Amino acid sequence: MTGATARSTLTALRLPLGLWALTRVLLLLCVFRVIVVPGPDVTTDIAVIYQDWSHVLKAGTYPLDDVTWQYPPGAALAILSPGLLPFLDYPAAFFLLAWACDAVVFGLLLYTGRRRGRSLRGAWLWIAGVPLLGPTAYARYDLMVTAVAVAALLAALRRPSVLGALAAFGAMLKVWPALLLAGTPRGRATLRSWSAAAGVGVALLLVFSAWMPGAFAFLTFQRDRGTEVESLGALVFHVARHFGWEGQVLLNYGSVEFLGPYVPQVSTAAMALTAAAFGWLLVWRVRARLFSSSTVADAAFTAVLLFTVTSRVISPQYMIWLVGLAAVCLAYRSSAMRRPAHLVLVATAVTQFEFPVWFSHVVDSDPLGLLLLLVRNGLLVWASVSACRGLWRQTVPAARPAAAPVPAPARAGQPARDGSLLGS
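Draft legend 1. Representation of the side chain of Thr351. By the element assignment, Thr351 lies in helix H14 (residues 338-357). A polar contact is formed between the side chain of Thr351 and the side chain of Arg376, at a distance of 3.3 Å. Contacts of Thr351, omitting those with residues within four sequence positions, involve Leu133, Pro316, Met319 and Arg376.

Here is the structure:
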């Protein structure tokens, strides 16, 4: 690279680098409580829950007696990661590690966006999306998982086995990265990525099982969760409370959930919707024939979006998954996900007002809280439908109309098949 080219590149990157740095300083000021965001203190999960889990893990066991531990065994690595910075207290170390993962994702998107056939739109979406979620982005370990997912998708075209290995590792941290494999092209790419995922996944499960007892305790705790107040299904009860529904809103299994009549039925309906989403993905997978450079990312984004929207729980930090995957999609000029990516960006902005700023209104099901949920969840539903349509249109060949039979020539003076007379 010549000196002039290097200077030109630096000039072009000066604005995104400056905006990323400025917005991330503001986020760090928020999580360190220099700037106080209205609503509940989102950093207490780190200072209390995560730190307590780290003490249990250091003692040689998973949190077997804590129903709020609802994560795969690899989550222990994220919880213990602040130990990499022993000169800081636990929360400070965690926030800085989250910032470092943010920087890694931004760097990957910048590098990818400057290659042929790519775009910096993905980096710009990441610059905007993370701060729109507010301090929650740095106060949960989901950003670490998203960094693994972004790296996996950006490696998919040239190194399918790396995609598979990182997807399996991500699934050990939090299950959703397994969906990154939904759109791998048929043939060698699928064979290499899926076999790598299976091999790494099995190996990690054996290691975590041998490491300490309780590696699979999370399955029971996750199964028993109810309908969380921010989910799509919760809208039923938010409205029903205005018509005399007798249920309650309580802290249950680590989240604020509805408990009472008909909650099990709505939770079952949510799981049925998730099964239907899986069925649609399976049909798409069978029918898809046209794979472009962005298909793996587009399919992963669509799959995670569908499973997020239909979940019994839509926690605010889930939006960071969607922002990361949307950013990877927009890094490819061929992506069909521009509209759903922008819808997710707007939904992320609304989410910060829903939690933490006005979360009390959501818990009370008052008009403001109901409006926030209707807008945020409505945007996610719209994004899901748009993503499904875009993915289908770009990858499933349109059915060609059957060719009309060519009529046989009629003899002179005899009626043709269309009723006319030839030669008349």
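Still more to cover.
Draft legend 2. Looking closely at the packing of aromatic side chains. The tally for this structure, following the rule as stated, stands at 22 aromatic pairs. Geometrically, the ring pair formed by Tyr50 and Trp53 is stacked, given 5.6 Å between the ring centres and 20° between the ring planes. Here the residue Tyr50 and the residue Trp53 both occupy positions in helix H2 (residues 44-58), the gap between them amounting to 3 residues, near one helical turn. Neither Tyr50 nor Trp53 differs from the other in exposure class; each is buried.

Draft legend 3. A look at the environment of Gly113. Turning to its location among the elements, Gly113 is positioned in helix H4 (residues 90-113). Gly113 sits 11 residues away from Trp124 along the chain, and the two C-alpha atoms are 10.0 Å apart.

Draft legend 4. Fine view of the pairing of strand S2 (residues 248-252). As paired strands, S2 and strand S3 (residues 255-259) are joined by 5 bridges and run antiparallel to one another. What sits directly across from Gln248, in S3, is Leu259. Here S2 folds back onto S3 in antiparallel fashion, the turn holding 2 residues, of which Tyr253 has a positive phi close to 55°.

Draft legend 5. Main features of the packing of helix H5 (residues 121-132) against H14. Contact pair H5 / H14: the axes reach a minimum separation of 8 Å and the direction vectors enclose 20°. Judged on the interaxial angle alone, H14 and H5 are roughly parallel. For the element pair H5 and H14, the recorded crossing hand is left-handed. Contacts between H5 and H14 involve Arg121, Leu125, Ala128, Gly129, Pro131 and Leu132 on the former and, on the latter, Arg338, Ala341, His342, Leu345, Thr348, Ala349 and Gln352. Taken together, the residues that form the contact of H5 with H14 break down as 7 nonpolar, 4 polar and 2 charged.

Draft legend 6. Seen up close, H2. With 15 residues, H2 ought to run about 21 Å at 1.5 Å a step, and its terminal C-alpha atoms sit 20 Å apart, in line with that. Approximately 30° is the largest bend angle found in H2, and it occurs at Tyr50. What H2 keeps buried is the set Ile46, Tyr50, Trp53, Ser54 and Leu57. On its buried side, H2 packs onto helix H3 (75-80) and H4. Positive backbone phi, approximately 100°, marks Gly60, located one or two places after H2.

Draft legend 7. Molecular detail of the nonpolar core. Core analysis: the largest hydrophobic core is formed by 118 residues, its most contacted members being Trp126, Tyr138, Tyr141, Leu153, Leu180, Phe301 and Leu305. Ranked by the residues each element gives to this core, the list is headed by helix H13 (residues 318-330), at 12 residues. Leaving out residues up to four positions away in the same chain, Leu153 has contacts with Leu163, Leu180, Val296, Ala297, Ala300, Leu325, Val328 and Tyr332. Within the second largest apolar cluster, 6 residues are counted, among which are Ala182, Ala277, Ala303 and Cys388.

Draft legend 8. Region of the structure containing the pattern of salt bridges. Using the criterion set out here, one finds 5 salt bridges in the structure. The residue Asp45 makes a salt bridge to Arg140 at a minimum N-O spacing of 3.3 Å. Here Arg140 lies in the loop between H5 and helix H6 (142-154) and Asp45 lies in helix H2, a separation of 95 residues in the sequence. A relative accessible area of 23% places Asp45 in the partly exposed class. In this structure, the salt-bridge partner of Asp142 is Lys174, at a minimum N-O distance of 2.7 Å. One end of the pair, Asp142, is in helix H6; the other, Lys174, is in the loop between helix H7 (160-173) and helix H8 (188-211), with 32 residues separating them in the sequence. Take Asp142 and Lys174: they sit in the same class, and that class is buried.

Draft legend 9. Layout of the sheet that holds strand S1 (residues 227-228). Strand order in the open sheet formed by 3 strands is S1-S3-S2, with antiparallel pairing between adjacent strands. Both outer strands of the open sheet, S1 and S2, are each paired with one neighbouring strand and no more. By the bridge criterion, 2 bridges tie S1 to S3 in an arrangement that is antiparallel. Across the sheet, residue Glu228 finds its bridge partner in S3, namely Glu257.

Draft legend 10. The arrangement of a nonpolar patch on the surface in detail. On the surface, a nonpolar cluster with roughly 780 Å² of combined accessible area is contributed by Leu15, Leu19, Leu22, Leu26, Phe32, Val34, Ile35, Leu96 and Trp124. Among the elements that make up the nonpolar patch, the one with the highest residue count is helix H1 (residues 3-31) (4 residues). Structurally, Leu96 is set in helix H4.

Draft legend 11. View of the environment of Ser195. Relative to the helices and strands, Ser195 is located in helix H8. Placed 35 residues apart in sequence, Ser195 and Pro160 show a C-alpha to C-alpha distance of 9.9 Å.

Draft legend 12. Expanded view of the confidence of the model for the protein chain. A residue-level look at the protein chain finds 90% of positions with pLDDT of 70 or above and a mean pLDDT of 91. In this model residues 412-424 is a low-confidence stretch, pLDDT under 50, and it forms 14 contacts with partners more than four residues away in sequence or in other chains.

What counts as what
- Residues numbered from 1 in each chain as written.
- Predicted model: local features only at pLDDT ≥ 70, side-chain atom pairs only at ≥ 80, totals over all residues.
- Heavy atoms only, no water.
- Helix = DSSP H or I, 4+ residues; strand = E, 2+ residues; numbered from the N terminus.
- Polar contact = N/O pair within 3.5 Å; in protein donor to acceptor, adjacent residues only side chain to side chain.
- Contact = heavy atoms within 4.5 Å.
- Phe/Tyr/Trp six-rings, centres within 6.5 Å; stacked < 30°, edge-to-face > 60°.
- Buried < 20%, exposed > 50% of the residue type's maximum accessible area, 1.4 Å probe, protein only.
- Pairing = 2+ DSSP bridges.
- Axes fitted to C-alpha atoms, helices over the stretch in contact; angles between N-to-C directions.
- Parallel < 35°, antiparallel > 145°, perpendicular 65-115°, else oblique.
- Left-handed = near helix turned anticlockwise from the far one by under 90°.
- Nonpolar A, V, L, I, M, F, W, Y, C, P; charged D, E, K, R; others polar.
- Expected span 1.5 Å × (residues − 1).
- Bend = angle between axes of the 7 residues up to and from the residue.
- Core = buried A, V, L, I, M, F, W, Y, C linked by side-chain atoms within 4.5 Å.
- Salt bridge = Lys/Arg side-chain N within 4 Å of Asp/Glu carboxyl O.
- Patch = residues over 30% accessible without salt bridge, like charges linked within 9 Å, V, L, I, M, F, W, Y side chains within 5 Å.
- Areas by Shrake-Rupley, 256 points an atom, 1.4 Å probe, with all protein chains shown as cover.
- pLDDT = per-residue confidence, 0-100.

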